[in-house]
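These are the residues of each chain, in order.
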2 protein chains.
Amino acid sequence: MSDLRQRTTAQKEEPKSEPPADEEEGEDAHELTLNANADSLPQASDNTSEAIDSALKDLTPRWRNWIIRGIFSLIMIFSFGGVIWLGPLAVVLLVMVIQIKCFHEIITIGYVVYKSHELPWFRTLSWYFLICSNYFFYGESMIQYFGVLLSRTEFMTPFVTYHRFFSFSLYISGIVAFVLSLVKKHYLKQFTLFGWTHVTLVILVTQSHLIIQNIFEGLIWFLVPVSMIICNDIMAYIFGFFFGRTPLIKLSPKKTWEGFIGGAFSTVVWGLMISYILVQFDFFVCPIEYDMAAESLSLSCERAPVFKLAEYTLPQFVQNLCRTVGIHCNTFTTYPMMLHSIYMSLFASIIGPFGGFFASGFKRAFKIKDFGDTIPGHGGFMDRFDCQLLMATFVHVYHSSFIKAVSPQKLVQQILSLKPEEQLQVFNMLRDGLTQRGLLPIGAQ
Amino acid sequence: MSDLRQRTTAQKEEPKSEPPADEEEGEDAHELTLNANADSLPQASDNTSEAIDSALKDLTPRWRNWIIRGIFSLIMIFSFGGVIWLGPLAVVLLVMVIQIKCFHEIITIGYVVYKSHELPWFRTLSWYFLICSNYFFYGESMIQYFGVLLSRTEFMTPFVTYHRFFSFSLYISGIVAFVLSLVKKHYLKQFTLFGWTHVTLVILVTQSHLIIQNIFEGLIWFLVPVSMIICNDIMAYIFGFFFGRTPLIKLSPKKTWEGFIGGAFSTVVWGLMISYILVQFDFFVCPIEYDMAAESLSLSCERAPVFKLAEYTLPQFVQNLCRTVGIHCNTFTTYPMMLHSIYMSLFASIIGPFGGFFASGFKRAFKIKDFGDTIPGHGGFMDRFDCQLLMATFVHVYHSSFIKAVSPQKLVQQILSLKPEEQLQVFNMLRDGLTQRGLLPIGAQ
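Reading the values: rules and limits
- Residues numbered from 1 in each chain as written.
- Chains lettered and ligands numbered in written order.
- Predicted model: local features only at pLDDT ≥ 70, side-chain atom pairs only at ≥ 80, totals over all residues.
- Heavy atoms only, no water.
- Salt bridge = Lys/Arg side-chain N within 4 Å of Asp/Glu carboxyl O.
- Buried < 20%, exposed > 50% of the residue type's maximum accessible area, 1.4 Å probe, protein only.
- Patch = residues over 30% accessible without salt bridge, like charges linked within 9 Å, V, L, I, M, F, W, Y side chains within 5 Å.
- Areas by Shrake-Rupley, 256 points an atom, 1.4 Å probe, with all protein chains shown as cover.
- Helix = DSSP H or I, 4+ residues; strand = E, 2+ residues; numbered from the N terminus.
- UniProt positions renumbered as here; feature names shortened; annotations may be inferred.
- Core = buried A, V, L, I, M, F, W, Y, C linked by side-chain atoms within 4.5 Å.
- Contact = heavy atoms within 4.5 Å.
- Disulfide = S-S within 2.5 Å.
- Buried area = accessible area lost by both parts, 1.4 Å probe.
- Polar contact = N/O pair within 3.5 Å; in protein donor to acceptor, adjacent residues only side chain to side chain.
- Phe/Tyr/Trp six-rings, centres within 6.5 Å; stacked < 30°, edge-to-face > 60°.
- Lys NZ or Arg CZ within 6 Å of the ring centre and 35° of its normal.
- Arc of directions from axis to C-beta.
- Least-squares fit on C-alpha atoms with pLDDT ≥ 70 in both.
- Axes fitted to C-alpha atoms, helices over the stretch in contact; angles between N-to-C directions.
- Parallel < 35°, antiparallel > 145°, perpendicular 65-115°, else oblique.
- Left-handed = near helix turned anticlockwise from the far one by under 90°.
- Nonpolar A, V, L, I, M, F, W, Y, C, P; charged D, E, K, R; others polar.
- Pairing = 2+ DSSP bridges.

**Let's talk about the pattern of salt bridges**
Residues and elements named next belong to chain A. In this structure the tally under the stated criterion is eight salt bridges over all chains. The partner of lysine 308 in a salt bridge is glutamate 302, and the shortest N-O contact between them spans 3.3 Å. Classification of lysine 308 as partly exposed rests on a relative accessible area of 38%. Exposure remark for glutamate 302: the relative accessible area of 68% places this residue in the exposed category. Between aspartate 432 and arginine 431 there is a salt bridge, with the nearest N and O atoms lying 3.9 Å from each other.

**Here's the deal with a nonpolar patch on the surface**
Judged by side-chain polarity, Leu59, Trp63, Ile67, Ile71, Ile75, Phe242 and Phe243 of chain A come together as a nonpolar surface patch covering roughly 620 Å² of accessible area. Positionally, phenylalanine 242 of chain A belongs in helix α9 (residues 220-243).

**Re the environment of lysine 101 of chain B**
All names here are of chain B. You can see lysine 101 is positioned in helix α4 (residues 88-113). You can call lysine 101 partly exposed: its relative accessible area is 26%. Along the chain, lysine 101 and leucine 219 lie 118 residues apart, while their C-alpha atoms are 23 Å from each other.

**Observations regarding the UniProt feature "transmembrane region" (unreviewed entry) in chain A**
Residue and element names in this part refer to chain A. Per the UniProt record, the feature "transmembrane region" (unreviewed entry) sits at residues 66-86, 92-113, 125-145, 165-183, 190-212, 218-244, 256-279 and 342-362. The span residues 125-145 is 100% helical and 0% strand by assignment, and the distance between its end C-alpha atoms comes to 30 Å. Taken as a whole, residues 218-244 contains 89% helix and 0% strand, while its terminal C-alpha atoms sit 37 Å from one another.

**Description of unusual backbone geometry**
Negative phi is the rule for most residues except glycine; trans is the rule for most peptide bonds. All names here are of chain A. Here lysine 367, not a glycine, exhibits a phi torsion of approximately 55 degrees, which is positive. Mapping lysine 367 onto the fold places it in the loop between α13 (336-365) and α14 (381-403). On the accessibility criterion, lysine 367 (13% relative accessible area) is buried.

**What about the nonpolar core?**
Judged by nonpolar contacts, the single largest core of 196 residues is most densely connected at Ile220, Phe222 and Met337 of chain A together with Ile220, Phe222 and Met337 of chain B. Leave out the neighbours within four places in its chain, and phenylalanine 222 of chain B touches Phe80, Val91, Val95, Ile211 and Ile215 of chain B. In this structure, Leu430 of chain A together with Leu430, Leu434 and Leu440 of chain B belong to the second largest nonpolar core, which totals 19 residues.

**A word on the state of the cysteines**
Simply put, the disulfide is a covalent bond whose two ends are the sulfur atoms of two cysteines. Residue and element names in this part refer to chain A. Applying the stated rule across the entire model yields four disulfides over all chains. In this model cysteine 286 forms its disulfide with cysteine 301; the gap between the sulfur atoms is 2.0 Å. When the S-S torsion is -85 degrees, as for the bridge of cysteine 286 with cysteine 301, the disulfide is left-handed. Placement of the pair is cysteine 286 in the loop between α11 (282-285) and β3 (290-291) and cysteine 301 in the loop between β4 (296-297) and β5 (310-313), with a sequence separation of 15 residues. For cysteine 286, a relative accessible area of 3% corresponds to the buried category. Going through chain A in sequence order and numbering each bonded cysteine, the pairs you get are 1-2, 3-4. Among the cysteines around cysteine 231, which has no disulfide bond, cysteine 387 carries the closest sulfur, lying 13 Å off.

**Comments concerning the interface of chain A and chain B**
At the junction of the two partners, chain A supplies 75 residues and chain B supplies 75 residues. Of the roughly 7,600 Å² buried at the junction of chain A and chain B (both faces included), carbon and sulfur atoms supply 80%. It is Leu188, Phe358 and Phe427 of chain A in chain A that bury the most area against chain B; as a group they hold 9% of the surface buried on that side. At the boundary of chain A with chain B, the tally comes to zero salt bridges. Counting the contacts that link chain A with chain B gives zero residue pairs in polar contact (both at pLDDT 80 or more). Where the side of chain A that touches chain B is concerned, the elements lending two or more residues are α1 (29-35), α7 (163-181), α8 (187-216), α13, α14, α15 (408-416) and α16 (420-436) of chain A.

**A few points about the packing of aromatic side chains**
One pass over the full model with this rule turns up 75 aromatic pairs over all chains. Arranged with centres 5.2 Å apart and planes meeting at 75 degrees, the rings of phenylalanine 103 of chain A and tryptophan 127 of chain A form a pair that is edge-to-face. Highlighted residues: phenylalanine 103 of chain A in helix α4 (residues 88-113) and tryptophan 127 of chain A in helix α5 (residues 122-152), separated in sequence by 24 residues. The class for phenylalanine 103 of chain A is buried, based on a relative accessible area of 0%. An aromatic cluster is defined as three or more aromatic residues linked by ring pairs; in this entry it consists of Tyr128, Phe129, Tyr171, Phe178, Phe191 and Phe194 of chain A together with Trp196, Phe358, Phe362 and Phe366 of chain B. One Lys or Arg, arginine 123 of chain B, reaches over the ring of tyrosine 111 of chain B and ends 4.0 Å from the middle of that ring.

**Section: helix α15 (residues 408-416) of chain B**
Helical geometry: 3.6 residues make up each α-helical turn, so side chains three or four residues apart lie on a common side. The set of residues buried in α15 of chain B consists of Pro408, Leu411, Val412, Ile415 and Leu416 of chain B. The buried residues of α15 of chain B occupy one face: seen down the axis, they fall within an arc of 135 degrees.

**Re the relation of the copies chain A and chain B**
Relative to chain B, chain A is turned by 180 degrees and slid 0.0 Å along the rotation axis, the superposed coordinates differing by an RMSD of 0.1 Å. In the structure described here, the two chain copies are related by an operation that fits a two-fold rotation axis. The overlap is high: 100% of the interface residues of chain A also sit at the interface in chain B, so the same surface is used on both sides.

**Structural notes on the packing of α9 of chain A against α13 of chain A**
All names here are of chain A. Here α9 crosses α13 at 45 degrees, and the two axes come no closer than 10 Å. The pairing of α9 with α13 is recorded here as oblique in orientation. The handedness of the crossing between α9 and α13 comes out as right-handed. Side by side, α9 and α13 meet where Ile220, Trp221, Val224, Met228, Ile229 and Asn232 of the first sit next to Met337, Ser341, Met344, Ser345, Ala348, Ser349 and Pro353 of the second. In terms of residue class, the contact of α9 with α13 is built from nine nonpolar, four polar and no charged.

**Topic: the pairing of strand β2 (residues 252-256) of chain B**
All names here are of chain B. One ladder, built from two bridges, connects strand β1 (residues 247-249) with β2; its direction is antiparallel. Looking across to β2, one finds that isoleucine 249 is bridged to serine 252. Count of turn residues in the β1/β2 antiparallel hairpin: two residues.

As structure tokens, then:
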């Protein structure tokens, strides 16, 4: 969402880390102490190669920023397309890389803001906690989807069976190390940074876990929401750039109602288009499952109802409207996914931006303009992915509440992993239950 | 674990909130700003009724504290016994009450330390997030254990089916409200307190969720670990009080190696005793399940293997040792639970105290002596329950890694909640699977 800001000047020509004017007065000692350090953070720049620089030198800063931002947006979108072409596991890896980079950016801010250069172990422990929590969450996903496969290797069996115990032991060791690393005079800083690390972990690791779960449910549950946020970002920026007049929210003074509404409208249209296209391909709609017989990831599936054409009755007033203009329109046929995409677009464009506002407020609290300077014209990774996190959680909850059904296959797989006598026990109980309910003839064995 | 401290003086006679001498020098402006406010926090006192006061007036402060602490320890233990007598659901309620009180204590510290009196909405939002997360976690437990029962009432059905969606909507509303409540000049405080609230939630709500899960697995999984921590607290205090000489850790200068070792030894013995006693009663070992036929909580069960006598072979060197003294001792018979109790005792007395050290460090960071003054002679609830949280998580992970098995009953219940045609599909797939594996005769229908 941070695209809604109209970067009208390239930062090269601004004095770096000049605090926004509206925050000058009224700081207490606490905030000033922190602020004093913020200029050592890497900030966004439009630094690019000299070739591009000289080609753009005659443009006004506003247009130069526009073009650099555009070029790097395209580069990102095409690289992203390449990763998708490589398949779902490459996408999972990409999510992991982005998560690590975002973690790095946020931890660096904490490190600089709290002047923790002399703190023993702080960085090491933060990264250790990141590794622990990823070990736990990635492990959970792997076991959920490839448990049977992993258990085949004797070496891996204990890691599957006792995964939570190992994760817990790793984490507790971190807590013990933290307590032992506490140093007189630094208690307050150390606890502050402990909290800082953990809030970051909750925000990044749990949500990227949900993103990965979405990928496993079928690439469409990842691509549609991600592209919606990108579309909303770009279109809100463009609408804001050309038509922006009315300020939207104090927190992000460069965001406008025109950008907000233009973005929302474009996102709904985009959502319908992209859903319609992706629904056509098994590659996007099939959940990622390991095919035991073929010994590879399965690339086809029995389609879930949400991807099959269905007939809907139109509301009465629409039917009446049709009748007045002489058309017969009682029903229409479409993929249920198309209707779900509307709800997702609305979330992406109405609630999604609050992820961006939250990030803006955070940056203002710590007097920084961007989370980093990784992507020319864009800032850090966190600047680019702030709204993706909220969206991913929404899609995960939406999918598991309204779409996902317990799959009979999964239940059977669970039963067949029990001990033989328990398998028979389940079978007998089930047979009795079904017979009682009249679903099986009484004589059946 | 905070009992290891030997409170040698009643605080009445100390000037309140005098900072510990070893933290006087070397504070930066940030820490001093915070410290200036800490004396408005309620601190532990031995304030009791006048009757007790006058009865104890001739004793030295050290002994007076000992007796007041002792009286209130007994009161707590007996009230706790009463709640257990009322049954598992009363225990669940107790856990909830304690969690809310602990949350209140920690939030109050944040409120005082960061001088957030003028911050709009901060308290309201913190409590709102507490309610959301409890709605989510308690709801998850309720649905997991009583889902079928709850779904019988038509009114409740959507709350069961869409539980996660409702929880998420509540939470997101809180985030939106937080962003909208952001006020220029207070950004830093507001984000700090947002982080403060969330770290508190992660520590308290997730862990009390695990405690409740333990209760549902059978009261023994709650009582044994809780009583171990209490035993370790009391015995470490007593050993420290009478024999304490050697300081254990800088962070808690009043804790001693003598207390630590005495506590550990007593806890192992206590763990064996209490496990042996509780294993005898169905009331303690049966998981809490709703009996659909009897329409009430079931009070009996088929005992899990961990509560049935089993024969163990002794290690070779013990066998040899026996032989040298002329005894035959190849095997011994006991409840597996007894052996598990040893691991739990060791965790309770070796790693458990780190929960207390962590809390001590936290209190020192914010220059407070106790979390509150709720329990005379003890301080706040958090002072008393700091180690219970870590222990509960350990027991949960231990139980789910080494003891819990997927119950055939639960699987059958899951299958019978599918659509009729899916129930039949599972039945047929299962029959084919079992026939293939040779567990069912080929002719069986």
